[in-house]
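The primary structure of each chain is shown beneath.
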Amino acid sequence: MTMQSRALLGSALVSVLALGTVAPAVQAATPANTPTAAAVPAGLGPWTAPKELPGLTGVTGVVDLKSTRGGTVAGLFTQGGKTVLSVRPAGGTTWQPATPAPPGGTLQRAEDGSVSLLWWTSPADGGADTLKMSRLAPDGTAFAPAEDVTTGTVARGNVHWRTQTTTLASNAEGHQAVAWMDKERRLTVVERSGPGADWSAPKTLDQLPDPIVRDDHVYDYTLRDMRVAVDPAGTVGVIWGGNSHYTGDGVDPDPSAYKWHYKYVEKPAGTASSWTAPRDLPQLGEKPEQVALAAHPGGGFHLLSHGGYARKAAGAAEWGPSQQIGVGSRTYEPAELLTAPNGDVTAVGMLAQGTPGVATRLASRDGWGEARKLASNVDADSLGAVAGAGGAVVVTYTQKRFELGRTLREDFVTQTVEGGDLSKPRTLNAQTKDTVSTGRAAVDGKGRPVAVWTQSSADGSTRTAFTATTGTRAKPAWHDYADDSRGDVVGLSFSASMKLYTGDTTNPTETFYASPWDEKTRVVPFGDVDGDRCNDLIVRLPGGETRLYTPVCGGGLPSPDSAYKRLARDWSGYDTLFASGDQTGDGLPDLLARDRATGDVYLYAADGAGAFKPRVKIRTAWTGYTRVIGAGDLDGDGVGDVLALDKSGELWRYAGLRTGKLKDRVRVFKDWGASYKDVIGAGDVNGDGKQDLLARDTSDRLWLNPGKGDGTFAGRVSSGAANYWKHWASIG
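Note that the coordinates shown come from a computational prediction; the quantities given were computed from them, not determined experimentally. (Residues numbered from 1 in each chain as written. Predicted model: local features only at pLDDT ≥ 70, side-chain atom pairs only at ≥ 80, totals over all residues. Heavy atoms only, no water.)

### Some thoughts on the overall build of the chain
Thought 1: Assigned secondary structure in the chain consists of 2 helices and 54 strands.
Thought 2: Against the 2.2 N^0.38 benchmark of 27 Å for 732 residues, the chain shows a C-alpha radius of gyration of 29 Å, consistent with a compact globule.
Thought 3: With 732 residues in all, the chain has 56% of them scored as buried.
Thought 4: Considering only contacts within the chain whose residues lie at least 6 apart along the sequence, 48% involve residues at least 24 apart.
Thought 5: Surface exposure of the chain reaches about 29400 Å², of which carbon and sulfur atoms provide 49%. (Helix = DSSP H or I, 4+ residues; strand = E, 2+ residues; numbered from the N terminus. Rg over C-alpha atoms; globule rule 2.2 N^0.38 Å. Buried < 20%, exposed > 50% of the residue type's maximum accessible area, 1.4 Å probe, protein only. Contact = heavy atoms within 4.5 Å. Areas by Shrake-Rupley, 256 points an atom, 1.4 Å probe, with all protein chains shown as cover.)

Written as structure tokens, this is what we have:
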């Protein structure tokens, strides 16, 4: 789904709904430009099976990975103890033979869609250094011959060992700027209007202060940050600085000598513009470090420092106030700021030590949502993010797994973020004990993520490189949220979370959750409403308000403030909301509801535009049934079926008709269900292609009745222990 369509759903458009005598339509007053279901692009597909890196052998580490607008991927790898450069041309799957990378070379992607390799060369006679650049054009498949950018000096001291001394940025028009610190600790910049233009003469903009000298102690300033950005109009902004660092050999350092020098300089767009004087930014905080700076597609810049986000609009003289968003920097790198074309901003960074998270600022709401946790026990420096198709952000990280208090292995994990929602984490490496996996991701020409990682034995004696991407997204199976073609369980816990169960109940890490949700909330697993080929959710809040959520593909769960469409202000008059898929034969999922007072059952048929047609009564006075269940397509005729449990414990099946109505009932089980407090049609749980039935008894044990594909079920088998399922308030 595009970020724009998610924003439209997030507008919570209200329809006038009532449980009165006139059947209402569940249809919002939607703007004319609202995309129909067919217009929404398919979400990122499920990950393909990993394979060893084609075309490259002996790769023992992934240093960096960047891709062009056209989809050519460039990588810096470790091979034979040295750093090498390789390219995977757009449209291909095989990497070209690796070539030695220049010492100190770095890959940097620009907003014009190009990737550049930057490095400095030093002459043998000790003269001036030369900054060189080899550029991979936005639609190119190979790096161009190296060109000289400028001559001068580059600092090799007074720089934190994880800080880049040289950095490049450009806007979509190709206006480029390069900033570096020279050996005199001076901030120096060159720029040019486009790839074919001449570089300007170097311009010195600022200088780190001289060392602070105390008796027996020297506090030398060390570069910690240098960020450059070019906004769409061509304005260039630079944030840079460092702090005084103790280099003496005493035992009683002077705290008053620890000082910070962080400055912002800017050159407004226009040929007659000149650089502003360096100035402090209070938005950076008292002790800034690992500051993120980026151009905003709407013009101007935005930054993130110590979890504080600030924006400088295009043409504005001052930065706006800092707003804490809960996402901070990584250990040695700033957080990532990724902006979608519609203005939605996603920050990817750390919430706490070992705990990465994300926060999203939806342009449609003009404010940040709550920060959401990605995982625990994560190496902060392994965290990376890249913008994929339709504004989705693909996050990768290395996560420790434990068994009996020891590290079992370290996994390479990926998640997708879209509109503030998270997909369920996906481990890409083989889950082999005593292995370590780490890597990076880029995107191909179709906007799909391309991940490359190495998996090694814990002692480093064996190491193999792998790659994977996402495949084509097919129409989702009923109740499948995790892209494994099997039915999943969605419900509420007693700990204020919506939960998604997709695997073994003996392994709690298989449960994905989103918070905070009231335990009295009821969730109805639903089909694909918006056409992105991912199943959606209908949620009724304790007060009766009912919402449609369209979460991110791959097992995503919404939080209460995720983008939604309001279906009704108060549907507490229905005691049951349920769905079985397509009831009318048009290929779209439909909603069913039973009136609490009369027992009448109503059909809300999908209208093909993300809403529903006016309700139609399909059954009268179902008050004798204690439970009504959306069962999915039990008999394989393409139409959803309904199960009903009566007060005597008999289970009945009502097969669906393509008219939206139901056939006469047929008994499925006699004396069944008296000990069950939850019964759901959970889709194909066991993977045999037939729709199954799950039930939780009053002792919190879970039971599976496998479907036979003809509308009947086999005898029950145990499917989950009480010590796991007792934590669920409800299952849907």
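### Quick word on the sheet that holds strand E2 (residues 59-67)
Thought 1: Across the sheet, which stays open at both edges, the 4 strands sit in the order E2-E3-E4-E5 with antiparallel pairing between neighbours. Strand pairing shows two members of the sheet lacking a second neighbour, E2 and strand E5 (99-100), which therefore form its edges.
Thought 2: Here E2 pairs with strand E3 (residues 73-79) via 7 bridges, running antiparallel. Looking at E3, one finds that Ser67 is bridged to Val73. (Pairing = 2+ DSSP bridges.)

### Structural notes on the confidence of the model for the chain
Thought 1: For the chain, per-residue confidence averages 90 on the pLDDT scale, and residues scoring 70 or more make up 94% of the total.
Thought 2: Throughout residues 1-38 the model reports pLDDT below 50, and contacts reaching past four residues in sequence, or to other chains, amount to 100 contacts. (pLDDT = per-residue confidence, 0-100.)

### A closer look at the domain arrangement of the chain
Thought 1: Here the domain parsing of the chain yields domain 1 (51-152), domain 2 (154-324) and domain 3 (489-728).
Thought 2: Computed over C-alpha atoms only, the centres of domain 2 and domain 3 are separated by 55 Å. (Domains from an automatic or database assignment.)

### Some points on the sheet that holds strand E18 (residues 292-295)
Thought 1: The 4 strands are arranged E18-E19-E20-E21 in an open sheet whose pairing can be described as antiparallel. The sheet is open, and its two borders are formed by E18 and strand E21 (323-324), each paired with just one other strand.
Thought 2: Here strand E20 (residues 308-312) pairs with E21 via 2 bridges, running antiparallel. When the bridges of E21 are listed, Gly308 appears paired with Gln324.

### Quick word on the pattern of salt bridges
Thought 1: The full count for this structure, using the stated rule, is 33 salt bridges.
Thought 2: Ionic pairing is found between Lys66 and Asp64, a salt bridge with its closest N-O pair at 2.9 Å.
Thought 3: For Asp64, a relative accessible area of 17% corresponds to the buried category.
Thought 4: Across the pair Glu650 and Arg667 runs a salt bridge, and its minimum N-O distance is 2.6 Å. Of the two residues, Glu650 sits in the loop between strand E47 (641-646) and strand E48 (651-654) while Arg667 sits in strand E49 (residues 666-669), which places them 17 residues apart along the sequence.
Thought 5: Taking the relative accessible area as the measure of exposure, Glu650 reaches 12% and is therefore buried.
Thought 6: A single network of salt bridges, built from pairs that share partners, joins Lys677, Asp678, Arg696 and Asp700. (Salt bridge = Lys/Arg side-chain N within 4 Å of Asp/Glu carboxyl O.)

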